[in-house]
Amino acid sequence: MNVNFHSLIPRDFNDNSRVWVYQSNRVFTQSEALQIEELLKNFSRDWKSHGTPVKGFANLFFGQFIILMADETAMGVSGCSTDSSVRFIKNIEQDFQVELFDRLMLAFIIQERIQLLPLAGLNLSIEKDLVTPDTLYFNNTILTKRELLNKWIIPVKESWLSIRLFEKKAFELSHDSLN
C-alpha cells in the first residue's frame, strides 16, 4: 500500500500548525468521498476565528481519515472556531452514518490494507502476530503539521503502543525461563 501523502500537505503552512485527525470506522465510498472532499474544501475556505478567516486546510486521506489543519501564525484558532470544526465533523458523522470520534479503534496497515482493530483486542492481535513491531500504525494523537509529516504513519515499535509489545516479550521471556 502506498502511504505517501506528504505531497498533499500544504507547504506554506507553518510546521507548528495545529492538526486534528478524525478516523472513520469505515472507508467512504467514492461518491461519499467526493461529497466529503467538497464539504472539507468549503469548510476550510469559510473557517473563521472571531470573524477573521483561519488559514485552514482540510482533506480526506486514504478514503478514511479526515485531517483538519490550522496555521495559527497569523490568526489563532479560538475555542469557538474549534467548536465549529467539531460541529462540522459531527455533521459529517451524522450525514454519512460513520463514527469519527472513536479513539478506541486503532488503524494499522496489515496485508497492504488499512485495518481497524479495537484497543481491547490489541494484545490478542500481538499474540497472533497480526500486529508486529514493524506493522505500520496510524498515530492519530499527533498535534502539529511536523508530527503529521513525521509521526502519523509509523511502525508500532515507534509508537505509544510499543509498551504492549514489550509486555508480550517480557511475558514470553519469563514463560520460557520457567520451562
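Predicted model only: the values in this text are computed from it and were never measured.

Peer 1: Give me the lowdown on the packing of helix α1 (residues 30-46) against helix α2 (residues 79-96), citing residues and values where you can.
Peer 2: Each pair of packed helices can be summarised by the angle the axes make with each other and by the distance between the axes. Here α1 crosses α2 at 165 degrees, and the two axes come no closer than 12 Å. Considering their axes alone, α1 and α2 lie roughly antiparallel with respect to each other. Remark: the crossing between α1 and α2 carries right-handed chirality. Counting all contacts with α1, which are made through Glu32, Gln35, Ile36, Leu39, Leu40 and Phe43, the residues of α2 involved are Ser84, Ser85, Phe88, Ile92 and Phe96. For the contact of α1 with α2, the class distribution of residues is seven nonpolar, three polar and one charged.

Peer 1: Any details on the packing of aromatic side chains? Residues and values, ideally.
Peer 2: For the coordinates displayed, the defined rule picks out 16 aromatic pairs. Relative to tryptophan 152, the ring of phenylalanine 65 has its centre 5.3 Å away and its plane inclined at 90 degrees; by these criteria the two rings are edge-to-face. Of the two residues, phenylalanine 65 sits in strand β5 (residues 65-71) while tryptophan 152 sits in the loop between α4 (145-151) and β9 (153-155), which places them 87 residues apart along the sequence. Each member of the pair, phenylalanine 65 as well as tryptophan 152, carries the same accessibility label: buried. By way of ring pairs, the aromatic residues Phe5, Phe13, Phe57, Phe61, Phe62, Phe65, Phe138 and Trp152 are connected into one cluster. Just above the ring of phenylalanine 101 sits the side chain of lysine 90; from NZ or CZ to the centre is 5.4 Å.

Peer 1: Outline the side chain of serine 85, listing residues and values.
Peer 2: When you line up the elements, serine 85 lands in helix α2. Residue classification places serine 85 among the buried residues on the basis of a relative accessible area of 0%. If we ignore the near neighbours within four places in the chain, the residues touching serine 85 are Phe43, Trp47 and Leu68.

Peer 1: Give me the lowdown on the sheet that holds β5, citing residues and values where you can.
Peer 2: As summarised here, the arrangement of the three strands in space is β1-β5-β4, forming an open sheet in which the pairing is antiparallel. Edge positions in the sheet fall to β1 (18-23) and β4 (55-61), since each of these pairs with one other strand and no more. Direction aside, neighbouring strands of the sheet carry axes that sit 15 degrees apart on average. Contacting β4 and β5, α1 crosses the sheet at an angle of about 170 degrees to β4.

Peer 1: Describe the nonpolar core, naming the residues involved and giving the relevant values.
Peer 2: Counting residues in each nonpolar core, the largest one holds 21 residues, and the members touching the most others are Ile36, Leu40, Ile66, Leu68, Ile89 and Ile92. Of all the secondary-structure elements, those providing two or more residues to this core are β1, α1, β4, β5 and α2. Residue contacts for leucine 68: discarding those within four places in its chain leaves Arg18, Val19, Trp20, Tyr22, Leu40, Phe43, Phe57, Ala58, Ser85 and Ile89. Membership of the second largest hydrophobic core comes to 18 residues, among which are Ile9, Ala107, Phe138 and Ile142.

Peer 1: Lay out the sheet that holds β9 in plain terms, naming residues and giving numbers.
Peer 2: Taken together, four strands build an open sheet; the order of strands is β7-β6-β8-β9 and the sheet is antiparallel. Both outer strands of the open sheet, β7 (113-118) and β9, are each paired with one neighbouring strand and no more. Along the sheet, successive strands turn relative to each other by an average axial angle of 35 degrees, direction set aside.

Peer 1: So what's going on with α2? Which residues, and what values?
Peer 2: With 18 residues, α2 extends 26 Å between its outermost C-alpha atoms, agreeing within 8% with the 26 Å of an ideal straight helix rising 1.5 Å per residue. Considering only its buried residues, α2 is in contact with β1, α1, β2 (48-49) and β5. After α2 finishes, the residue glutamine 97 shows a positive phi value of roughly 50 degrees.

Definitions and limits used
- Residues numbered from 1 in each chain as written.
- Predicted model: local features only at pLDDT ≥ 70, side-chain atom pairs only at ≥ 80, totals over all residues.
- Heavy atoms only, no water.
- Axes fitted to C-alpha atoms, helices over the stretch in contact; angles between N-to-C directions.
- Helix = DSSP H or I, 4+ residues; strand = E, 2+ residues; numbered from the N terminus.
- Parallel < 35°, antiparallel > 145°, perpendicular 65-115°, else oblique.
- Left-handed = near helix turned anticlockwise from the far one by under 90°.
- Contact = heavy atoms within 4.5 Å.
- Nonpolar A, V, L, I, M, F, W, Y, C, P; charged D, E, K, R; others polar.
- Phe/Tyr/Trp six-rings, centres within 6.5 Å; stacked < 30°, edge-to-face > 60°.
- Buried < 20%, exposed > 50% of the residue type's maximum accessible area, 1.4 Å probe, protein only.
- Lys NZ or Arg CZ within 6 Å of the ring centre and 35° of its normal.
- Pairing = 2+ DSSP bridges.
- Core = buried A, V, L, I, M, F, W, Y, C linked by side-chain atoms within 4.5 Å.
- Expected span 1.5 Å × (residues − 1).

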